[in-house]
Amino acid sequence: MPEPESGKKSYEPKTIEQKWYDFWLRKGLFRPEVNPSGKPYCIVIPPPNVTGQLHMGHALNATLQDVLVRWKRMHGYRALWIPGTDHAGIATQNVVEREIAKENKDRHQVGRDEFINRVWKWKGEYGGRIIHQLKKMGASCDWSRERFTLDDGLSLAVRTVFVRLYEEGLIYRSTRLINWCPRCLTALSDLEVEHEEEEGLLTYIRYPLEGGKGHLVVATTRPETMLGDTGVAVNPGDERYREFIGRMIDLPLTCRQIPIVGDTAVEMEFGTGAVKVTPAHDFNDEEIAKRQNPALPSMTVIGADGKMTAQAGARYEGLDRYECRRLVVEDLKKQGLIEKEEKYAHSIGHCYRCKTVIEPLATPQWYVKIGPMAHEAVKAVREGRVRIIPEGWENSYFAWMENIKDWCISRQIWWGHRIPVWYCECGQTIVSMETPEKCPRCGGAELKQDPDVLDTWFSSALWPFSTLGWPQMPEDMRAFYPTDALVTAFDILFFWVARMIMMGLKFMEDVPFRNVYIHALVRDEEGQKMSKSKGNVIDPLLIVDKYGADAFRFTLAAFAAQGRDIKFSEERVKGYRHFINKLWNAAKFISMNTEDRAVAAGKDDVTDLPSLWILSRLANTADEVNSALEEYRFNDAANRVYQFLWREFCDWYIELAKTGMENEEQAPGIRWSLLCTLNGVLRLLHPFMPFVTEEIWQTMPPAFRDAESIMIAAYPAGLPQDRAAEDRMETVIEAISGVRNIRGELNVQPGVKLKVLVNAGSEDAARTLQGNLPYIKRLAGAESILVGKGLSAPQKAAVNVMSRLEVYVPVEGLVDVKAELERLGKEIRKTDDELSFCLRKLMDQDFVSRAPQQVVAKERAKCQELEGKKANIEDSINRLKSIFQEAENG
RNA sequence: GGGCGGAUAGCUCAAUCGGGAGAGCGCAGCCCUUACAAGGCUGAGGUCACAGGUUCGAUCCCUGUUCCGCCUACCA
């Protein structure tokens, strides 16, 4: 076997990664067609924003999906990972608006058509950025199936869904309060509003009763809205105010009079128990107003731009809402109408995009009547047709779905799917897939299309089937829907996952995916969320550049424990780069020691214990990795291979093999085992670290390569295990560890060869040890070994009592007897503690009679073992003490 | 206000069934043994947040408390 990359001392990812990625692309290995007869397995990528740059979240997300897809592909599945991007309406529009602003223009000056052109142009230039970055991560997406939420096929899907929902009465238009962003100048859905606790002021304002007889005091956090008050509400059960209901208030700073009304929603304990009612600017107040008979009127005093309207009065018109607040309070103070102001922490809604404080505003918008679809979506999860992993998230899902409100889907922006609705001068509304030529009612041709576009999430909700070709029914659709797994972070569980389930059930009559795996958030070292404003963002591409994609991916996977966020630090990646280096060097060693000689050998040539053992351990590892991945326990899978490669394969097997290969007879079997195990571990690791595994694998002897790429080589599973060999090997390992322990503890120099005696606990153990003396000799650093059952310890020896055997090392002249006595003292204290704990348990009648038989028996055996161990150590201590005394006397 | 999650070695985190807790990193000692010093061998290190309860037995199950995250909500 030629050495990988001509035997460089360490792995250098940079040159290698591009080479293999190109190779995979050239060979079309990312396409499901490489396994034409396999069972379909499909994942659709959560489409990143087309404006986006790869961040840690994407990196984790992509890594986990790639692990799954590569793993399934190697298992022979017709695996398909569909990539794509999201047109990200508001975000993308903002980017291009900023660009235009540099030319001192706004989008209205540019005009709608030209503006859209500009956005497409921008998309063409920069939109592929994140796709390119995903490739750097090693993502094995089928790029030939890449989609974009605004491409023709997906746009058709969007129109189809809109029209059908409209026809079924599940989409409607209504004018009511919505969340309005005065900066983006668009409506937002409830989900797009981020609530944040802020320190504010609670202002107590005196509202004079009509006719100048006294006043009511109301408390508010938004004094400026008083200009739009159309009532004051008190709880009808409130003794203090009951008599006022029905009377009028002289609303200060205006010349209006407003009524005092009763509403049970008013909390008597809060503030003064009287609340001003501003139906046009507060969701609660809107409700209160509607409940009155006749309803309280609505008066909009703040406009779409966040500035006061003419209705606010000449003095305030045109002022920004916050300037107005100051002025209103100032004016009220002058009139002595401010009773007090107190600090008050409350939560305020912000635009998720630009963080501007949301203004509730009454505007006509389109809504999806979500109740019926939500009901079905809840059922699908309850019945297990969609599994959410980890399960904990199901509760959040249910809670949200069961209190869900209708979904506002129209946005007052230009970049997105234009709402397929036209209005005729005659008042007719036309909802249609295609642009209508004339009004079906009056025949008029003066039709105006609704200027708004749809919420980006409306198109994302169709992603699992629109990407597969719906509303057509191509082969992909039949093969891959429902998809198998959806991998995402919890923050879009409602935004996206829930809506996909609803839309999938509605239009495909089946769930969009069977499993939803919710992964962690990647935080910084201190556990803080990464954000630009905090300046703690780590660029994944820099990490890839520095340590390679493999080390980075492995780190992410190894820390992706369910239900816990990842605190990311570069140190960890460094650690896993060492791991790759270990793999690299193991491969180098194997290559140096096998050359072409191994090809002739096969499994039948394997006779030595270490080889039987490592092959069995590989089988065991493969099983554990497979079952961990089956359950999305990525960290367990990664850690198990890590353990196997480093601890079992490198630390033990390779060291043993060095000795084993000195024996000409068993050398071929060992060479074969080295290659076979390396082959297995490369395959096991490939989904986690695709590049380095391919690089090494390609240098293996052809007999070990049954495919043109490791990507499509069979994933190890169901290999035979040899429990007897594992058990015997344990005995050998115990003997070696027993000696090493003495060496280490007593500080015996590595160069010093020891005379070792091993007292085996059984004939079996004795035979095993006898049969593997060369290994023990080399790894324990012994010049001679005497093995037997019932051997007794020489006078002057260090003793190590293990569970299957005892190790004696004559120490005369080698070590400080005093140090050995100390070591044994420590040992006996530990044994004694354990023993007394064990005995106490067995003397407890309740334990013996009530605990399961097995447990009691186990405890008895343990007790016996400990007693034996204690006796042996005591013997050694006595012996050494006598030596010690001799020495003192002599 | 409601809900969820977390608290385990110096740090970051694991632990299927309730039967005296593991790893990585770090630390200490010894070693450049020709795959690898990005390494090897050995070792130290724990009141499983706190208080009760259930149980023969609790890191694990139940109740409460404290602290820390997060989600959600119309007390102005």
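Since we're looking at a predicted model, the values are computed, not measured. (Residues numbered from 1 in each chain as written. Chains lettered and ligands numbered in written order. Predicted model: local features only at pLDDT ≥ 70, side-chain atom pairs only at ≥ 80, totals over all residues. Heavy atoms only, no water.)

Engineer: Even after reading the chapter, I still don't get the overall build of chain A, so can you show me in this structure?
Structural biologist: Looking only at helices and strands, one finds 28 helices and 29 strands in chain A. A globule of 890 residues ought to have a C-alpha radius of gyration of about 29 Å, yet chain A, at 37 Å, is considerably larger. Considered along the principal axes of its C-alpha atoms, chain A spans approximately 115 × 65 × 55 Å. Relative to its 890 residues, chain A shows a buried fraction of 56%. Contacts in chain A between residues at least 24 apart in sequence constitute 77% of all its contacts with a sequence separation of at least 6. Of the accessible surface of chain A, which amounts to about 39,000 Å², a share of 48% is contributed by carbon and sulfur atoms. When the 116 positive and 127 negative side-chain charges of chain A are each reduced to one mean point, those points stand 1 Å apart. (Helix = DSSP H or I, 4+ residues; strand = E, 2+ residues; numbered from the N terminus. Rg over C-alpha atoms; globule rule 2.2 N^0.38 Å. Buried < 20%, exposed > 50% of the residue type's maximum accessible area, 1.4 Å probe, protein only. Contact = heavy atoms within 4.5 Å. Areas by Shrake-Rupley, 256 points an atom, 1.4 Å probe, with all protein chains shown as cover. Lys, Arg positive; Asp, Glu negative; His and termini not counted. Charge placed at Lys NZ, Arg CZ, Asp CG, Glu CD.)

Engineer: Please clarify how the packing of aromatic side chains should be interpreted in this entry.
Structural biologist: What characterises a pair of aromatic rings is the spacing of the ring centres plus the angle enclosed by the ring planes. Applying the stated criterion to the full structure yields 41 aromatic pairs. Between the aromatic rings of Y21 and F30, the centroid separation amounts to 5.2 Å while the plane-to-plane angle is 55°, which identifies the pairing as tilted. Overall, the relative accessible area of 3% leaves F30 in the buried class. Taking 5.8 Å as the distance between ring centres and 65° as the angle between the ring planes, the aromatic pair formed by F554 and F688 counts as edge-to-face. (Phe/Tyr/Trp six-rings, centres within 6.5 Å; stacked < 30°, edge-to-face > 60°.)

Engineer: Which parts of the structure should I look at to understand the side chain of S616?
Structural biologist: Examined against the element boundaries, S616 turns out to sit in helix α19 (residues 609–630). Beyond its immediate chain neighbours, meaning those up to four positions away, S616 contacts P720, Q721, D722 and E726.

Engineer: Is there a simple way to explain the protein's contact with RNA strand B in this structure?
Structural biologist: RNA strand B sits among 52 residues. The nearest are N284, W646, F837, R850 and P852. Here A586 contributes a backbone N or O atom positioned 3.3 Å from a base nitrogen of RNA strand B. When contributions to the surface near RNA strand B are tallied by element, the ones reaching two or more residues are β8 (215–220), α18 (570–594), α20 (634–660), α23 (723–745), α26 (817–843), α27 (845–850) and α28 (853–889). Among the elements that line the surface near RNA strand B, the one with the most residues is α18, at nine residues. (Near = heavy atom within 4 Å. Polar contact = N/O pair within 3.5 Å; in protein donor to acceptor, adjacent residues only side chain to side chain.)

Engineer: Whenever I open this one, the sheet that holds strand β5 (residues 171–181) confuses me. Can you help?
Structural biologist: Within a beta sheet, neighbouring strands are joined by backbone hydrogen bonds and run either parallel or antiparallel to one another. One open sheet holds the four strands; their spatial order is β6-β5-β14-β16, and the pairing between them is antiparallel. Since the sheet does not close on itself, it has two edges, and those belong to β6 (186–188) and β16 (407–408), each with one partner. Pairing of strand β14 (residues 359–368) with β16, which is carried by two bridges, proceeds in the antiparallel orientation. The residue of β16 that forms the bridge with Y367 is C408. (Pairing = 2+ DSSP bridges.)

Engineer: Even after reading the chapter, I still don't get the sheet that holds strand β29 (residues 805–810), so can you show me in this structure?
Structural biologist: Ordered in space as β27-β26-β29-β28, the four strands form an open sheet in which the pairing is mixed. Each edge of the open sheet carries a strand with a single partner, namely β27 (782–789) and β28 (797–801). The average undirected angle you get between the axes of adjacent strands in this sheet is 20°. When strand β26 (residues 754–760) meets β29, the two strands line up antiparallel, connected through four bridges. Across the sheet, the residue bridging to V758 is V807, located in β29. (Axes fitted to C-alpha atoms, helices over the stretch in contact; angles between N-to-C directions.)

Engineer: Would you explain the pattern of salt bridges in this entry?
Structural biologist: Pairs can form between side chains of opposite charge once their charged atoms are near each other. If you walk through the whole model with that rule in mind, you get 61 salt bridges. Among the ionic pairs, K105 bridges to E103, the shortest N-O distance being 3.8 Å. The exposure class of E103 is partly exposed, given its relative accessible area of 38%. With a closest N to O distance of 3.1 Å, D727 and R804 form a salt bridge. (Salt bridge = Lys/Arg side-chain N within 4 Å of Asp/Glu carboxyl O.)

Engineer: Would you take a moment to explain helix α24 (residues 763–771) for this structure?
Structural biologist: In an α-helix, one full turn covers 3.6 residues, which means residues spaced three or four apart are oriented alike. Of all the positions in α24, only A765, A766, T768 and L769 are classed as buried. Considered in projection along α24, the buried side chains sweep an arc of 165° and stay on one side of the axis. Facing away from the buried side of α24 by over 90 degrees, the exposed positions are D764, R767 and G771. Here the buried face of α24 lies against α19, α23, β26, α25 (773–780), β27 and β29. (Arc of directions from axis to C-beta.)

Engineer: Would you mind showing me how to read the nonpolar core here?
Structural biologist: Burial of nonpolar side chains together is a common tendency in soluble globular proteins. Ranked by size, the top nonpolar core spans 205 residues in total, and within it F162, M401, F458, M503, L583 and F649 carry the most contacts. The leading source of residues in this core is α20, at 14 residues. Non-local contacts of F162, meaning those with residues more than four positions away in its chain, are made with I171, W366, I409, I419, P420, V421, V431, L454 and F458. F244, I260, C324 and L332 belong to the second largest nonpolar core, which has 30 residues in total. (Core = buried A, V, L, I, M, F, W, Y, C linked by side-chain atoms within 4.5 Å.)

Engineer: Could you clarify how one ought to interpret the confidence of the model for chain A in this entry?
Structural biologist: The predicted structure's coordinates, where accompanied by low pLDDT, should not be read in detail. Per-residue pLDDT for chain A has a mean of 89; in total, 98% of the residues score no lower than 70. Predicted confidence for residues 1–6 stays below pLDDT 50, and this span has 24 contacts to residues more than four positions away or in other chains. Reported for the predicted complex are a pTM of 0.91 and an ipTM of 0.93. (pLDDT = per-residue confidence, 0-100.)

Engineer: So what exactly am I meant to see when it comes to the pairing of strand β22 (residues 483–489) here?
Structural biologist: Consecutive side chains along a regular strand alternate between the two faces of the sheet. Counting buried residues along β22, seven of its seven residues qualify, which places the element largely inside the surrounding structure. Where β22 lies against strand β23 (residues 513–519), six bridges are found, and the strand directions are parallel. Its bridge partner lying in β23, A485 is registered against N515. Viewed along the sheet, the connection from β22 through helix α15 (residues 493–507) into β23 turns out right-handed. (Right-handed = clockwise from strand over helix to strand, strands pointing away.)

Engineer: Help me understand the packing of α19 against helix α21 (residues 667–685) in this model?
Structural biologist: The packing of two helices is summarised by the inter-axis angle and the distance between the axes. Packing of α19 against α21 brings their axes to within 10 Å, and their N-to-C directions diverge by 10°. The orientation of α19 with respect to α21, classified from their angle, is roughly parallel. Seen from α19, the contacting residues are S611, I614, L615, L618, T621, A622 and V625; seen from α21, they are G669, I670, W672, S673, C676, T677, G680, V681 and L684. Looking at the contact of α19 with α21 residue by residue, the class counts come to ten nonpolar, six polar and no charged. (Parallel < 35°, antiparallel > 145°, perpendicular 65-115°, else oblique. Nonpolar A, V, L, I, M, F, W, Y, C, P; charged D, E, K, R; others polar.)

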